[in-house]
Amino acid sequence: MVPFLGFAKAEEDKKAVKADTAVVTEAKDGEEAKGAFAFSGYLDSYYMANFNKPASRSNMGASNARVFDQKSGQFSLGLVQAKVAYTNAKSEAVVDLTFGPNANLGNYGNALFSTALAIKQAYFTYKFTDKFSMTAGQFGTHIGYEVIDAPANFNYSLSNLFNNGPFYHAGLKATYAFSDKASLMVGVVNNVDGLGDNNRAKGIISQLYFKPVENWNVYLNYIGSNEANTDSLGKQPDGFYQVFDLTTSFQVTEKFLLGLNAAYGSQKGDYQGTGGPLKTESWGGVAVYANTAITENFGIGARYEYFNNDNGVRGLLTAAKTGTKVNSVTLTGNISLADGHILVKPEFRLDAYPKLSGAGEAQQFEDSKGAWTKNSQTTFGLAFIYKF
């Protein structure tokens, strides 16, 4: 396994990010009751050149074309993370704080300031047995292949599947490990991406993990909830939001990894006060990943993604606020320095949307004169990450 490949993770590494299990120094014998602390974090910044040279210097296009790397033609701060974990033989507590522009974007349901100090995660776990544990608090979502943490992803820019799915949950979840090759998680949470709940209904989350063969990890994920705001009389309108998600990775060789993320979502009724379809409408997409290590300190990876929001139920929309779809290709290098503490990521990305017909029809992206004449966007840049 090559650690700096990002997604070349063993099962334990995957769980450390997706299932929010911090990696800490184990307490020995008499120290078990006392426990152990672990401190970690990272900071990142980037420069992204946009070949459309948009007048606004924004990579966002008509609506949500990017998640975090939103600015072009300027050096930009991403996110600063400070994470503390305390673990003993029967329990674990994690406080995961983030700072900076991306802290707002990643915790938008609770953003209070333009540059946020955000609680990304704050939860604790009690291990009833070696196989059964429960976790309470705010924790990162189990859904999706990519995560907010820049060092854990091979690609710096995040996928549309990530951008249009949940970011985090507040609630209670339980995990049972049938063996080291299979486990099941089930939980109850508030509304999507919010500490407080916008109604009395609760969401259900679940994840089935299994390892068919060595080096092949499969995660089947689900969330279902009623995201409708209560009406003026305090009644709960009908509605639902749900996502079925498949995440899998296979370490083909020590230096070559393949990954896949596929999701299908559907929605009916209001979504947290923003409105929604009167009948059930769906959205979905698929992303394929391939990463390889060229040398000990250099790797290269590609991602192809197709995302379809033709029904307009998620945030990826045209300038006229109607549904659309996109094909994206991302090619990322990964240069590891200072014994893996510094990551430099040169990245090329192309996003292609349908060309809209009609005289004066606004396309998806802005040109250098501020006119919406482009249906595709090409960016090239560098990301600078320090992890500790």
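Reading the values: rules and limits
Residues numbered from 1 in each chain as written. Predicted model: local features only at pLDDT ≥ 70, side-chain atom pairs only at ≥ 80, totals over all residues. Heavy atoms only, no water. Helix = DSSP H or I, 4+ residues; strand = E, 2+ residues; numbered from the N terminus. Buried < 20%, exposed > 50% of the residue type's maximum accessible area, 1.4 Å probe, protein only. Contact = heavy atoms within 4.5 Å. Areas by Shrake-Rupley, 256 points an atom, 1.4 Å probe, with all protein chains shown as cover. Phe/Tyr/Trp six-rings, centres within 6.5 Å; stacked < 30°, edge-to-face > 60°. Pairing = 2+ DSSP bridges. Patch = residues over 30% accessible without salt bridge, like charges linked within 9 Å, V, L, I, M, F, W, Y side chains within 5 Å. Salt bridge = Lys/Arg side-chain N within 4 Å of Asp/Glu carboxyl O. 1 Å grid on protein atoms, 1.4 Å probe; cavity = no way out; pocket = protein on both sides within 12 Å on 5 of 7 lines; lining within 4 Å. Points joined across faces, edges and corners; volume = space filled by probe spheres on them. Nonpolar A, V, L, I, M, F, W, Y, C, P; charged D, E, K, R; others polar. pLDDT = per-residue confidence, 0-100. Core = buried A, V, L, I, M, F, W, Y, C linked by side-chain atoms within 4.5 Å.

By the naming in an unreviewed UniProt entry, the chain is Porin, taken from Dyadobacter endophyticus.

Trainee: Quick question: what am I supposed to make of the overall build of the chain here?
Mentor: Regarding its fold elements, the chain presents three helices and 16 strands. The buried share of the chain, reckoned over its 388 residues, is 49%. The contacts in the chain between residues at least 6 apart in sequence include a share of 60% that link residues at least 24 apart. A total accessible area of about 17,400 Å² is found for the chain, and carbon and sulfur atoms account for 61% of it.

Trainee: Got a minute to help me understand the packing of aromatic side chains in this structure?
Mentor: Aromatic ring pairs are described here by two measures, namely the spacing of the ring centres and the angle between the planes. Applying the stated criterion across every chain, the model contains 15 aromatic pairs. Between Trp-216 and Phe-250, the ring centres sit 6.5 Å apart and the planes meet at 70°, which makes this aromatic pair edge-to-face. Of the two residues, Trp-216 is situated in strand E9 (residues 216–225) and Phe-250 in strand E10 (residues 240–253); the sequence distance between them amounts to 34 residues. A relative accessible area of 34% means that Trp-216 is categorised as partly exposed. Plain terms: the ring middles of Tyr-241 and Tyr-271 are 5.4 Å apart, the flat faces sit at 55° to each other, and that makes the pair tilted. With Tyr-241 in strand E10 and Tyr-271 in the loop between strand E11 (256–268) and strand E12 (281–295), this residue pair connects regions lying 30 residues apart in the sequence.

Trainee: What is the right way to read the pairing of E9 from this model?
Mentor: The side chains of a regular strand alternate, residue by residue, between the two faces of the sheet. By the criterion of burial, E9 is predominantly enclosed, with seven of the 10 residues buried. Pairing between strand E8 (residues 203–210) and E9: seven bridges, direction antiparallel. Among the inter-strand pairings, Phe-210 is bridged to a residue of E9, identified as Val-218. Where E8 hands over to E9, the hairpin turn is made up of five residues, of which Asn-215 adopts a positive phi near 75°. Two elements, E9 and E10, share 10 bridges in a ladder whose sense is antiparallel.

Trainee: Explain a nonpolar patch on the surface here, please?
Mentor: Judged by side-chain polarity, Tyr-176, Phe-178, Leu-184, Val-186, Val-188, Ile-204, Leu-208 and Leu-220 come together as a nonpolar surface patch covering roughly 640 Å² of accessible area. Secondary-structure elements contributing two or more residues to the nonpolar patch are strand E6 (168–179), strand E7 (182–189) and E8. Here Leu-184 shows up in strand E7.

Trainee: Would you mind showing me how to read unusual backbone geometry here?
Mentor: For residues that are not glycine, phi is negative in most cases, and the peptide bond is trans in most cases. Backbone geometry places Asn-215, a non-glycine residue, at a positive phi of 75°. Relative to the helices and strands, Asn-215 resides in the loop between E8 and E9. For Ala-338, which is not glycine, the phi torsion reads 55° and is therefore positive. By the element assignment, Ala-338 lies in the loop between strand E14 (324–337) and strand E15 (342–352). Taking relative accessible area as the criterion, Ala-338 reaches 43% and is therefore assigned partly exposed.

Trainee: How should the pattern of salt bridges be read in this particular structure?
Mentor: Pairing between side chains of opposite charge can happen when their charged atoms approach one another. A full pass over the atoms with the stated rule returns eight salt bridges. For the salt bridge of Arg-66 with Asp-351, the shortest nitrogen-to-oxygen distance reads 3.4 Å. Residue Arg-66 is located in the loop between strand E1 (36–50) and strand E2 (75–87), and its partner Asp-351 is located in strand E15; the two are separated by 285 residues in the primary sequence. What makes Arg-66 buried here is its relative accessible area of 1%. Classification of Asp-351 by relative accessible area gives buried; the value is 0%. The partner of Asp-197 in a salt bridge is Lys-202, with the nearest N and O atoms 3.0 Å apart.

Trainee: Which parts of the structure should I look at to understand empty space enclosed by the protein?
Mentor: Summary: where empty space remains is shown by rolling a probe the size of a single water molecule over the atoms. One pass over the structure, following the stated rule, counts two cavities of 30 Å³ or more. Quantified by volume, the largest cavity comes out at close to 90 Å³. What lines the largest cavity is simply Tyr-42, Asp-44, Phe-68, Asp-69, Leu-79, Asn-102, Ile-148, Ala-150, Asn-153, Tyr-156, Ser-157 and Leu-158. Looking at the lining of the largest cavity residue by residue, the classes come out as seven nonpolar, three polar and two charged.

Trainee: I keep staring at the confidence of the model for the chain and nothing clicks. Help me out?
Mentor: Fine structural detail should not be taken from predicted coordinates in areas where pLDDT scores are low. The pLDDT averaged across the chain works out to 87; a share of 89% of its residues lies at or above 70. Mean pLDDT across the elements of the chain bottoms out in helix H1 (residues 11–18) (40) and peaks in E15 (98). The model gives residues 1–29 a pLDDT under 50, and that stretch makes 87 contacts with residues more than four places away or in other chains. Contacts for the low-pLDDT stretch residues 112–116, under 50 throughout, to residues beyond four places or in other chains number 11 contacts.

Trainee: Just checking my understanding: could you explain the nonpolar core for this structure?
Mentor: Soluble globular proteins tend to pack their nonpolar side chains together in the buried interior. Core analysis: the largest hydrophobic core is formed by 27 residues, its most contacted members being Ile-205, Ile-223, Tyr-241, Val-243, Phe-307 and Tyr-353. Contributions of two or more residues to this core are made by E7, E10, E11 and E12. Broken down by element, the residue count for this core peaks at three residues, all from E12. Beyond its immediate chain neighbours, meaning those up to four positions away, Tyr-241 contacts Gly-165, Pro-166, Val-192, Ile-223, Gly-224, Ser-225, Glu-227, Ser-266, Gln-267, Tyr-271 and Arg-314. Counting residues in each nonpolar core, the second largest holds 16 residues, with Met-48, Phe-167, Ala-383 and Ile-385 among its members.

Trainee: What's the story with the environment of Gln-251 in this structure? I'm lost.
Mentor: You can see Gln-251 is positioned in strand E10. A residue is classified by how much of its surface remains accessible, and Gln-251, at 9% relative accessible area, is buried. In this structure the C-alpha to C-alpha distance between Gln-251 and Asn-291, which are 40 residues apart in sequence, comes to 9.6 Å.

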